[in-house]
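# Reading the structure
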Amino acid sequence: MKKVSILGSTGSIGTQSLEVCEKHGFDVVALTAHSSVDMLEVQARKFRPQYVGIFNENLYSDMKNRLADTDIKILCGMDGLCEIASLDENDIVLNSVVGMVGLLPTLTAINAGKDIALANKETLVAGGELIMSLARKKNVKIYPVDSEHSAIFQCLQGNRREQLNKIILTASGGPFYGYSYEQLKNVTKADALHHPNWSMGNKITIDSATLMNKGLEFIEAKWLFDLNPEQIEIVVHRESVIHSAVEYKDYAVIAQLGVPDMKIPIQYALLYPERLECPTRPLSLTDYGTLTFAEPDYNTFRCLDSAIKAIKLGGAYPCLINSANEEAVKAFLNDEIKFIQIGEIVSSVLEKFRFSAVSGYNDVMRADSEAREYVRSLIG
Ligand code: MG
């Protein structure tokens, strides 16, 4: 059985990944969390990994005390995360940490020749070129965990990549589908945190409400599947049954369908190319009856528009808009700004910053801190 380390095991993807690991008896090598010591302790006692990592260094001794009666080694901080990402014992590293913090562990795991199941989309948005070129050099596989990218990956199986015309990236439209820009001005945090189809962490739920999530996925798809932006079409599909599709030269379109449950793409990434029973429920198309499709509203949902513009501009722009978004979402969740301001802030980045090239990790990190500083200065 595969040996797996899970970075971000207490989050939504992390806990669902552990359900998949349990179902198939995977050997869990290491688990890490940002600060959730209670849940991490429970997981550690259940799955008995060799290592546990706590990102927040202030919680290191707490974590060590909690697991003092076990022989589990406790690591902390970014160093701990990177050590876990590159452990010899790993067959595959599932990276489901939230945000830019995931970039260095991903690069470290690739450098150590470890295959990656990637749920941390921000790092591919910010460091796509770095990650993909290093993965090619090290002959490392990156398996998408995001449901849309898993769908595309599945639709590519058994077909020749050079015969692909384009991909169709589906979007649920989020809780504010059909809203005008005027209507978006009055939405609350509770409204934004209520997603119609998917149960996810707070950051991605807000990103789904602004449609930034789809913008990030557009960029993610560009890097994962080596596409031009013109080869990516976004279609709003409210039911989240078709998880994405691929169009070939003959205009045959192959789509992947299933209930909206992340355990299906998580399991495919971890078990690839095997297909075994998944701890979810089967899809009943007749329960849905009707599937609907529409074009996204790029004028109202400025984050989506800005993300597509950013990847077309290239250089540091994708990183800048991603980091600006992370900072703006944090401010929104802290009640410092209104929902509508997230889009205003993200789109202003494209005018505020001049083009700069990205040739290494340091360029990415510099763009990251410049964007965050800029957003903090706007919020005050
Ligand atoms: Mg997705």
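Throughout, residues of each chain are indexed from 1 in the direction in which the sequence is written. Reporting of local features is limited, given that this is a predicted model, to residues whose pLDDT is at least 70; pairs of side-chain atoms are given and counted only at 80 or more, and all residues count toward the totals for whole chains, interfaces and linings. The side-chain quantities take in all heavy atoms of the structure and omit both hydrogens and water.

## Quick notes on helix 16 (residues 339-352)
Numbering goes from the N terminus for both helices and strands, where a helix is a DSSP run of H or I of at least four residues and a strand is a run of E of at least two. By this rule the span expected of a helix is its residue count minus one, scaled by 1.5 Å. Its 14 residues give helix 16 an end-to-end C-alpha distance of 21 Å, which sits within 8% of 20 Å, the value for a rise of 1.5 Å per residue. Type-normalised accessible area, obtained with a 1.4 Å probe on protein chains alone, sets the label of each residue: buried when under 20%, exposed when over 50%, and partly exposed for intermediate values. By the criterion of burial, helix 16 is predominantly enclosed, with 10 of the 14 residues buried. All of the buried residues along helix 16 are Phe339, Ile340, Ile342, Gly343, Ile345, Val346, Ser347, Ser348, Val349 and Leu350.

## Focus: the domain arrangement of the chain
Many authors give the size of an interface as the accessible area that is lost as the parts come together. Just so you know, the domain bounds were taken from an automatic or database domain assignment. Each assigned domain of the chain is listed with its residue range as follows: domain 1 (3-140) and domain 2 (149-312). By definition in these notes, contact holds between two residues if any of their heavy atoms fall within 4.5 Å. The partner domain 2 presents 23 residues to the 22 residues of domain 1 that form the contact. Put simply, buried area is the surface a 1.4 Å probe can reach on two separate parts but cannot reach once they are joined, added for both. The contact between domain 1 and domain 2 buries some 2000 Å² in all, and 73% of this surface belongs to carbon and sulfur atoms. Here a salt bridge means any side-chain nitrogen of Lys or Arg lying within 4 Å of a carboxyl oxygen belonging to Asp or Glu. At the junction of domain 1 with domain 2, the criterion picks out four salt bridges. Here Lys203 and Glu122 are joined by a salt bridge, their closest N and O atoms 3.1 Å apart. What qualifies as a polar contact is a pair of N or O atoms within 3.5 Å, subject to a donor-acceptor requirement within protein and to the restriction that residues adjacent in sequence count only when both atoms come from side chains. At the boundary of domain 1 and domain 2, one finds five residue pairs in polar contact (both at pLDDT 80 or more). Only helix 1 (12-24), strand 5 (92-95) and helix 6 (121-138) provide two or more residues apiece to the side of domain 1 that touches domain 2. With nine residues, the single largest contributor to the side of domain 1 that touches domain 2 is helix 1. For this scheme, ten residues count as nonpolar: Ala, Val, Leu, Ile, Met, Phe, Trp, Tyr, Cys and Pro. Four count as charged, namely Asp, Glu, Lys and Arg, and the remainder, Gly too, count as polar. Looking at the side of domain 1 that touches domain 2 residue by residue, the classes come out as 12 nonpolar, five polar and five charged.

## Digging into the packing of helix 14 (residues 302-313) against helix 16
Between helix 14 and helix 16, the shortest axis-to-axis distance is 8 Å and the interhelical angle comes to 20°. Accordingly, the angle class assigned to the pair helix 14 and helix 16 is roughly parallel. Note that helix 14 runs across helix 16; the crossing there is left-handed. Two secondary-structure elements touch here, helix 14 through Arg302, Cys303, Ser306, Lys309, Ala310 and Leu313 and helix 16 through Ile342, Gly343, Glu344, Val346, Ser347 and Leu350. Across the contact of helix 14 with helix 16, the residue classes tally to six nonpolar, three polar and three charged. Between N-to-C directions, angles cover 0 to 180 degrees, with each direction set by a line fitted to C-alpha atoms, over the stretch in contact for helices. Any angle that is under 35 degrees is reported as roughly parallel, and any over 145 degrees as roughly antiparallel; angles of 65 to 115 degrees are reported as roughly perpendicular and all others as oblique. What makes a crossing left-handed is the near helix being turned counterclockwise from the far one by less than a right angle; a clockwise turn instead makes it right-handed.

## Focus: the pattern of salt bridges
Counted under the stated rule, the structure contains 28 salt bridges. Between Glu162 and Arg160 there is a salt bridge whose closest N-O contact spans 3.0 Å. By relative accessible area, Glu162 is classed as exposed at 53%. Across the salt bridge formed by Asp335 and Lys189, the nearest N and O atoms sit 3.4 Å from each other. Here Lys189 lies in helix 9 (residues 189-192) and Asp335 lies in the loop between helix 15 (317-333) and helix 16, a separation of 146 residues in the sequence. Assessed through its relative accessible area of 27%, Lys189 is described here as partly exposed.

## Re the sheet that holds strand 5
Within a sheet, each strand pairs with its neighbour through backbone hydrogen bonds, oriented either parallel or antiparallel. Spatially, seven strands are ordered 4-3-2-1-5-6-7 in an open sheet, and the strand pairing comes out parallel. Taken across any chain shown, the strands that pair with only one partner, and hence form the sheet edges, are strand 4 (73-76) and strand 7 (142-144). Pairwise comparison of adjacent strand axes, ignoring direction, gives a mean angle of 20° for this sheet. Bridge analysis of strand 1 (residues 3-7) against strand 5 gives four bridges, and the strand direction is parallel. Bridge pairing in strand 5 links Ile6 to Leu94. Strands strand 2 (27-33) and strand 3 (51-54) of the sheet are contacted by helix 2 (residues 37-47), whose axis makes an angle of about 170° with strand 2. Two strands pair under a simple rule: DSSP has to find at least two bridges between them.

## A closer look at the sheet that holds strand 9 (residues 232-236)
Here we have four strands laid out as an open sheet, ordered 9-8-10-11, and mixed in their pairing. Of all the strands in the sheet, just strand 9 and strand 11 (253-257) have a single pairing partner and so form its edges. Taking the axes of each pair of neighbouring strands and ignoring which way they run, one obtains an average angle of 20° across the sheet. When strand 8 (residues 164-171) meets strand 10 (residues 242-248), the two strands line up antiparallel, connected through four bridges. Looking at strand 10, one finds that Ile168 is bridged to Ala245. The sheet strands contacting helix 7 (residues 147-156) are strand 8, strand 10 and strand 11, and the helix crosses strand 10 at an angle near 40°.

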